[in-house]
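# Commentary on secondary and tertiary structure
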There are 2 protein chains.
Amino acid sequence: VSVDIEIVCVGNELLIGKVENTNAYWLVKHATALGVNVKRITVIEDTVKVIGDTICEVLSHKPQFIITTGGLGPTFDDKTLQGIAAGLGRKLEVNEVALQMVKEKTMEYLKTRGLPPEVELTPPRVKMATLPKGSVPVTNPVGSAPGVRVDLPKTVLFALPGVPLEMEAIFTLSIAPLLQAAVGDTVFCQKSLYLNGMFESKLAPLIDVVMVANQGVYIKSHPILAENKSHTEIHLTMRAKAIEKPAQKIQKAAEQLAILIKQNGGVVSE
Amino acid sequence: VSVDIEIVCVGNELLIGKVENTNAYWLVKHATALGVNVKRITVIEDTVKVIGDTICEVLSHKPQFIITTGGLGPTFDDKTLQGIAAGLGRKLEVNEVALQMVKEKTMEYLKTRGLPPEVELTPPRVKMATLPKGSVPVTNPVGSAPGVRVDLPKTVLFALPGVPLEMEAIFTLSIAPLLQAAVGDTVFCQKSLYLNGMFESKLAPLIDVVMVANQGVYIKSHPILAENKSHTEIHLTMRAKAIEKPAQKIQKAAEQLAILIKQNGGVVSE
């Protein structure tokens, strides 16, 4: 019953370490909070072939949703829509609604700067409104490149701009409500415990015991090395229908694990 | 002639936004600085099937190197070596050299804490030394789980721990020299210009002109929205043999672009 999503981030800047992939981090946090299951993040370069091949690869995993970020702008290296069109075997065509969006956003921008509202539809501007056949433009409340929605047989694909403020605005306005509806009453709950004075290798069998006794609760330990002192964060998570009371189940598992740790000589805190 | 690498980050914590993927960012920066071409980053969950399938998928792209991060520890959710074994169709077996490494590191750790150097080889400790058949353990100067190297027909695969200090130490000690040797005298150069007062859509055709005139120089513009003021960073990069003088070629392209921008009414700075 889980709603799966994959994220595809397009941009050489992410593969050369020019820019940190804050978009992926923001998206997974927000999608997870809605109860969605993020299955994969793929970061790829700006070439039509790689984008197209990756879209095909990701579609073969049959996620309910795909979100791409980056590559919707007016410059030559903005190739995401060409890549999606290639991957889906669709033609690109100028979308009149998208063209109107580009025009209006550019006029707004000129107005706020006290410039005359004359918008020439130059090839780079028309490019931002040239979408894979059958797709629908999605309002971008911040920038001039619209988001793009493509409805496929088992998957809804959204292409979002790479500028964080634009990506976040479109997600919040047009995607989050859709994910929320798909997820229904599934929620994601989490809780952390902090452990000192015990090897992770000694903790491992205790986690196994608690997970067997608390089906559905996932427990993962994260060793943290800082300032030459080591400790471990134990992170308990559960994604389930609200009626299954996941927060209570996590709490119960955490209490059981804390008791086992103390019995085995460890020090645990919340 | 480019040396291609793919990065695979394993860990549910990266897909739920619990932890930012600083490992990928660190790796791409360091690999790029060495002149390596990072082709893709894939972030996946902790299941043997997904890890195995992803390794097969990535191998099909034929990169010279693959680096995985995460999932080498002693707990049940550390499944990267099982996943790699499944993907490659190899058995897992206890590696005596790795077992000795785990033992020594644990003894060192106990010593620094003034504890008796008795190391019991419990199943979670043996697990860290259970590697896909035919692989070689790689010294971890920081933690107890060794890195793992698997030599495949066209690809060398390294599995590194997810703890950043451990991952960075193994990369620096054992992988960077190998990448440097593979890359030879190829270098990566970059330079930024900052643009004000011009739409990206007006900049786009100027970039096209300069890229055609300066083969090999890649120019990408990044719109930056901050505090309700917009400007654009123009990033010029080139990966080439040192003898081709990429830094000079980038400088020449930047100068040509700056002139075109000024002629078209924009304000450009370094």
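As a reminder, the structure under discussion sits directly above these lines.
Residues numbered from 1 in each chain as written. Chains lettered and ligands numbered in written order. Predicted model: local features only at pLDDT ≥ 70, side-chain atom pairs only at ≥ 80, totals over all residues. Heavy atoms only, no water.

### Describing the pattern of salt bridges
By the definition in use, this model includes 28 salt bridges over all chains. The residue Lys220(B) makes a salt bridge to Asp46(A) at a minimum N-O spacing of 2.6 Å. Of the two residues, Lys220(B) sits in strand β10 (residues 218–226) while Asp46(A) sits in the loop between β2 (37–44) and α3 (48–60), which places them in two different chains. Side by side, Lys220(B) and Asp46(A) carry an identical accessibility label, which is buried. Note that Glu57(A) and Arg40(B) form a salt bridge whose closest N and O atoms lie 2.8 Å from each other. (Salt bridge = Lys/Arg side-chain N within 4 Å of Asp/Glu carboxyl O. Helix = DSSP H or I, 4+ residues; strand = E, 2+ residues; numbered from the N terminus. Buried < 20%, exposed > 50% of the residue type's maximum accessible area, 1.4 Å probe, protein only.)

### Side note on empty space enclosed by the protein
Summed over all chains, the structure comprises one cavity of 30 Å³ or more. Every residue lining the largest cavity is counted, 19 residues in all, and those nearest its centre are Asn21(A), Ala24(A), Val43(A), Asn21(B) and Ala24(B). Listing elements by their share of the lining of the largest cavity, those giving two or more residues are α2 (22–33) and β2 of chain A together with α2 (22–33) and β2 (37–44) of chain B. Top contributing element to the lining of the largest cavity by residue count: α2(A), with four residues. Broken down by class, the residue content of the lining of the largest cavity amounts to 14 nonpolar, three polar and two charged. (1 Å grid on protein atoms, 1.4 Å probe; cavity = no way out; pocket = protein on both sides within 12 Å on 5 of 7 lines; lining within 4 Å. Points joined across faces, edges and corners; volume = space filled by probe spheres on them. Nonpolar A, V, L, I, M, F, W, Y, C, P; charged D, E, K, R; others polar.)

### Quick notes on the relation of the copies chain B and chain A
Note on the copies: chain B fits chain A at an RMSD of 0.0 Å, the axial shift is 0.0 Å, and the rotation between them is 180°. Here the copies are linked by what is in effect a two-fold axis. When each C-alpha of chain B is compared by its distance to the rotation axis, Thr42(B) comes out closest, at 2.3 Å. (Least-squares fit on C-alpha atoms with pLDDT ≥ 70 in both.)

### Brief notes about the environment of Thr80(A)
Residue and element names in this part refer to chain A. On the secondary structure map, Thr80 appears in helix α4 (residues 80–88). Since its relative accessible area comes to 0%, Thr80 is described here as buried. When the C-alpha positions of Thr80 and Gly70 are compared, they lie 7.1 Å apart, and in sequence the two are ten residues distant.

### Side note on the interface of chain B and chain A
Listed by partner, the interface residues are 65 residues for chain B and 65 residues for chain A. With both sides pooled, the region where chain B packs onto chain A buries about 5300 Å², and carbon together with sulfur makes up 58% of that total. It is Ile16(B), Phe76(B) and Phe199(B) in chain B that bury the most area against chain A; as a group they hold 12% of the surface buried on that side. Along the contact surface separating chain B from chain A lie twelve salt bridges. Taking the shortest distance from any N to any O, the salt bridge between Lys39(A) and Glu45(B) comes out at 3.0 Å. Counting the contacts that link chain B with chain A gives 20 residue pairs in polar contact (both at pLDDT 80 or more). A per-class count over the side of chain B that touches chain A returns 28 nonpolar, 19 polar and 18 charged. (Contact = heavy atoms within 4.5 Å. Buried area = accessible area lost by both parts, 1.4 Å probe. Polar contact = N/O pair within 3.5 Å; in protein donor to acceptor, adjacent residues only side chain to side chain.)

Any link to function would need more than the numbers given here.
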